[in-house]
Amino acid sequence: MLLALGFRGVTFEFRVQSKGHRRAWDVAFGVGSLVAALMQGLIVGGLMQGVTVQNRHFAGSVLDIFRPLPTISGATLLFGYAVLGAGWLKLKSNVSLQPFASRSLRVAASAFAVFFGIGCIYAVRIQPGIRAQWASHGIALACLFGLFVIAAGTLTALPGKSRTALPFLIGLLLFVVGISGTALIVFPEIVPFRVSLWDASSSSTSQGLVMIGAACVTPVVLAYSAFAYWIFRGRTPENGWEA
């Protein structure tokens, strides 16, 4: 995953410098994006399926992620990112790309919902810890699942001429609902159903130092991110930003 994310970053620089090979670097960027998304899904699915821990040490295999639930999770996250990408394209692209963004959004949203549903059903069947959490938080999880279904259905049925910001906002809502459900199932475990957050936590001194660092760095990150979004606000020009 880290190699793929690094590869994606490198492609931006080489694409600008290699005037005659931009198409090749576009493909490389796409491959890096696919690998990164799939690996993130595999990691999440592997954690939810269960990690082998003995005496608070990992006792499994690296190949444990290549099982049915991680594979389903990888496909789910891939289509989820496609939903966000299509929503962002709908929001920011020029008129010529709007039909492509609308088609991509409908296909990705449908696939995302299907794989998400399959993953939820399969996870409940194979993981006793998830079944126990459903028994404890059944109403809250059912409400989140219902909200996810409604949002995905709305996103699939949106007309092509809907408000440009709406698909992206609904896509964000899908991720918020999915992450909230996952957090509700996992908490207070840091390694799901094996090691609790309190057992894995570092000393209060270390946490205090990290909090100080985060308090200093987070405003800077938010500031330069907001500045970048402000500079590139509005739709992409017909000839691109380099014109």
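Keep in mind that this is a model prediction, so the values were computed, not measured.

Re the overall build of the chain
At step 1: Secondary structure assignment for the chain yields nine helices and four strands.
At step 2: In the chain, the succession of helices and strands from N to C terminus is α-α-β-β-α-α-α-α-α-β-β-α-α.
At step 3: The C-alpha extent of the chain, read off along each of the three principal axes, is 60 × 45 × 35 Å.
At step 4: Per-residue burial over the chain gives 29% buried out of 243 residues.
At step 5: Considering only intrachain contacts with a sequence separation of at least 6, the fraction spanning at least 24 residues in the chain is 66%.
At step 6: Looking at the chain as shown, the accessible area adds up to about 15,000 Å², and 72% of this sits on carbon and sulfur atoms.

Here's the deal with the nonpolar core
At step 1: One finds Val 83, Phe 112, Phe 148, Leu 155 and Leu 174 to be the most contacted residues of the largest nonpolar core, which totals 19 residues.
At step 2: Contacts of Phe 148, omitting those with residues within four sequence positions, involve Phe 112, Ala 113, Phe 116, Leu 174 and Val 177.
At step 3: With seven residues, the next largest nonpolar core counts Leu 69, Ala 123, Ile 185 and Val 186 among its residues.

Quick notes on the packing of helix α6 (residues 138-157) against helix α7 (residues 165-186)
At step 1: Here α6 crosses α7 at 160°, and the two axes come no closer than 9 Å. Regarding the angle of α6 to α7, the classification is roughly antiparallel. As for the relative orientation of α6 and α7, their crossing is left-handed in sense. Seen from α6, the contacting residues are Ala 140, Leu 141, Leu 144, Leu 147, Phe 148, Ala 151, Ala 152, Thr 154 and Leu 155; seen from α7, they are Pro 167, Ile 170, Gly 171, Leu 173, Leu 174, Val 177, Ser 180, Gly 181, Leu 184 and Ile 185.

Topic: helix α4 (residues 98-126)
At step 1: Its 29 residues give α4 an end-to-end C-alpha distance of 42 Å, which sits within 8% of 42 Å, the value for a rise of 1.5 Å per residue.
At step 2: For α4, the full list of buried residues reads Gln 98, Ala 101, Ser 102, Leu 105, Ala 108, Ala 109, Ala 111, Phe 112, Phe 116, Gly 117, Gly 119 and Ala 123.
At step 3: Buried residues belonging to α4 abut α3 (68-92), α5 (128-136), α6 and α7.

Details of the packing of aromatic side chains
Think of a pair of aromatic rings as described by two things: how far the centres are apart, and how the planes are tilted against each other in angle.
At step 1: Applying the stated criterion to the full structure yields 12 aromatic pairs.
At step 2: With centroids separated by 5.9 Å and ring planes inclined at 80°, the aromatic side chains of Trp 88 and Tyr 229 adopt a geometry described as edge-to-face. Of this pair, Trp 88 sits in helix α3 while Tyr 229 sits in helix α9 (residues 204-231), and the two are 141 residues apart along the sequence.
At step 3: Exposure remark for Trp 88: the relative accessible area of 32% places this residue in the partly exposed category.
At step 4: Ring geometry for Phe 116 against Phe 145: centres 6.4 Å apart, planes inclined by 20°, an arrangement best described as stacked. With Phe 116 in helix α4 and Phe 145 in helix α6, this residue pair connects regions lying 29 residues apart in the sequence.
At step 5: What makes Phe 116 buried here is its relative accessible area of 18%.
At step 6: Classification of Phe 145 as partly exposed rests on a relative accessible area of 34%.
At step 7: Linked through ring pairs, Tyr 81, Phe 112, Phe 116, Phe 145, Phe 148 and Phe 175 together constitute an aromatic cluster.

A few points about the confidence of the model for the chain
At step 1: Chain-level statistics for the chain give a pLDDT mean of 86 and a share of 96% at 70 or above.
At step 2: Mean pLDDT across the secondary structure elements of the chain bottoms out at strand β2 (residues 57-58), with 74, and peaks at α9, with 93.

Topic: a nonpolar patch on the surface
At step 1: Among the surface-exposed residues, Met 1, Leu 2, Leu 5, Ile 43 and Leu 47 lie close enough to one another that they form a single nonpolar patch of about 420 Å² accessible area.
At step 2: Looking at the nonpolar patch, the elements that each hand over two or more residues are α1 (2-17) and α2 (22-49).
At step 3: You can see Ile 43 is positioned in helix α2.
At step 4: Look at Ile 43 and you get partly exposed, because its relative accessible area is 37%.

Each value, and the rule that gives it
- The residue numbers shown here count from 1 along each chain, following its written sequence.
- Two thresholds apply to this predicted model, a pLDDT of at least 70 for residue-level local features and 80 or more for giving and counting side-chain atom pairs, whereas whole-chain, interface and lining totals are computed over all residues.
- No hydrogens and no water enter the side-chain calculation; it runs on all heavy atoms of the structure.
- Secondary structure counts use DSSP, requiring at least four H or I residues in a row for a helix and at least two E residues in a row for a strand, with both numbered from the N terminus.
- Exposure is judged per residue with a 1.4 Å probe applied to protein chains only, and the accessible area is read against the type maximum: over 50% gives exposed, under 20% gives buried, and values in between give partly exposed.
- We call two residues in contact when some of their heavy atoms are within 4.5 Å.
- For every accessible area listed, the method is Shrake-Rupley and the probe measures 1.4 Å; residues are considered covered only by the protein chains on display.
- Throughout, nonpolar core names a set of buried Ala, Val, Leu, Ile, Met, Phe, Trp, Tyr and Cys residues whose side chains join them through atoms within 4.5 Å.
- Axis definition: a line fit to C-alpha positions, over the contact stretch in the case of helices; interaxial angles, taken between N-to-C directions, run 0 to 180 degrees.
- An angle below 35 degrees is read as roughly parallel, one above 145 as roughly antiparallel, one from 65 to 115 as roughly perpendicular, and any other as oblique.
- It is the rotation of the near helix from the far one that decides the hand of a crossing: anticlockwise by less than a right angle makes it left-handed, clockwise makes it right-handed.
- By this rule, a helix spans an expected 1.5 Å times one less than how many residues it contains.
- The criterion for an aromatic pair is that two Phe, Tyr or Trp rings (for Trp, the six-membered ring) have centres within 6.5 Å, with stacked assigned to planes under 30 degrees apart, edge-to-face to planes over 60 apart and tilted to the rest.
- You can read pLDDT as the predictor saying how much it trusts each residue, on a scale of 0 to 100.
- Exposure above 30% relative accessible area and the absence of a salt bridge qualify a residue for a patch, where like charges join within 9 Å and nonpolar side chains (Val, Leu, Ile, Met, Phe, Trp, Tyr) within 5 Å.
- Salt bridges are identified by distance alone: a Lys or Arg side-chain nitrogen within 4 Å of an Asp or Glu carboxyl oxygen.

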